[in-house]
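Architecture and fold: a report
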Amino acid sequence: MICPEHQPLAYRTTNRDGYREYCSNPKICAQCPTRRLCTRSKNCVKTVLRHVWKDYEELADDARYTPEYKDLYAKRKETIERVFADAKEKHAMRYTHYRGLAQVSNWVRLKFAAMNLKKLARWKTRKRFAPSSSATSYILSLINFVACLVMKTDRPFF
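This next bit is on the packing of aromatic side chains. Under the criterion given, the structure shown has 2 aromatic pairs. With 5.8 Å between their ring centres and 65 degrees between their planes, Tyr11 and Tyr22 make a pair best called edge-to-face. In this pair, Tyr11 is assigned in strand β1 (residues 10-14) and Tyr22 in strand β2 (residues 19-23), connecting sequence segments 11 residues apart. Tyr11 sits in the partly exposed class, given a relative accessible area of 47%. Residue classification places Tyr22 among the buried residues on the basis of a relative accessible area of 15%. On the numbers, 6.0 Å between centres and 55 degrees between planes, the contact of Tyr98 with Trp107 is tilted. The class for Tyr98 is partly exposed, based on a relative accessible area of 41%.

So this is what it looks like as structure tokens:
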């Protein structure tokens, strides 16, 4: 961090809210001609707060506004946003039916595992890697396997 008079601000600490605090040297600020523009503190210290994630946010913004990523970012509404909308509308994920972090996490994992398996079945059927009748049995066995992993049980669901 640098002040308007090109003096460095030293890092002091990171507060509990996740902001890094940078402070100026009071000896330098006491004699600064533009001190009134920077700070009005009695002890002549300019303090700047910057969130710990701000650097990453700036990197993401820089990448997002480049010509290569502008087109890719425009497709976000067609791909990523659609997954969340489908999850809420088609897969009953607008509201939770369970209480507790562990139960909700298991429910969400199982839902997304089933969604991914459905996508895999469609992909395999389209690519003709497996006939559709065997693809169905293959997918059911995968669903049993994933459900047993998620629920940490040894007995299959079907």
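Here we come to the layout of surface pockets. Considering only enclosed or pocket space, the largest pocket measures out at about 480 Å³ in volume. If you trace the largest pocket, you find 15 residues lining it, with Arg82, Asp86, Met115, Lys119 and Arg122 closest to the centre. Looking at the lining of the largest pocket, the elements with two or more residues in it are α5 (76-90) and α6 (101-127). Element by element, the count of residues in the lining of the largest pocket is highest for α6, at 8 residues. Split by residue class, the lining of the largest pocket holds 4 nonpolar, 3 polar and 8 charged.

The next thing to look at is the environment of Cys29. In this structure, Cys29 sits in helix α1 (residues 26-30). With residues near it in sequence (within four places) discarded, Cys29 still touches Ser24, Arg35 and Cys44.

Considering all chains together, one arrives at 5 salt bridges under this definition. Close ionic contact of Glu21 with Arg12 constitutes a salt bridge, the shortest N to O distance being 2.7 Å. Taking relative accessible area as the criterion, Glu21 reaches 14% and is therefore assigned buried. With a shortest N-O distance of 2.7 Å, Arg50 and Asp55 are connected by a salt bridge. Accessibility expressed as a relative area gives 35% for Asp55, which makes it partly exposed.

Calculation criteria
Residues numbered from 1 in each chain as written. Predicted model: local features only at pLDDT ≥ 70, side-chain atom pairs only at ≥ 80, totals over all residues. Heavy atoms only, no water. Phe/Tyr/Trp six-rings, centres within 6.5 Å; stacked < 30°, edge-to-face > 60°. Helix = DSSP H or I, 4+ residues; strand = E, 2+ residues; numbered from the N terminus. Buried < 20%, exposed > 50% of the residue type's maximum accessible area, 1.4 Å probe, protein only. 1 Å grid on protein atoms, 1.4 Å probe; cavity = no way out; pocket = protein on both sides within 12 Å on 5 of 7 lines; lining within 4 Å. Points joined across faces, edges and corners; volume = space filled by probe spheres on them. Nonpolar A, V, L, I, M, F, W, Y, C, P; charged D, E, K, R; others polar. Contact = heavy atoms within 4.5 Å. Salt bridge = Lys/Arg side-chain N within 4 Å of Asp/Glu carboxyl O.

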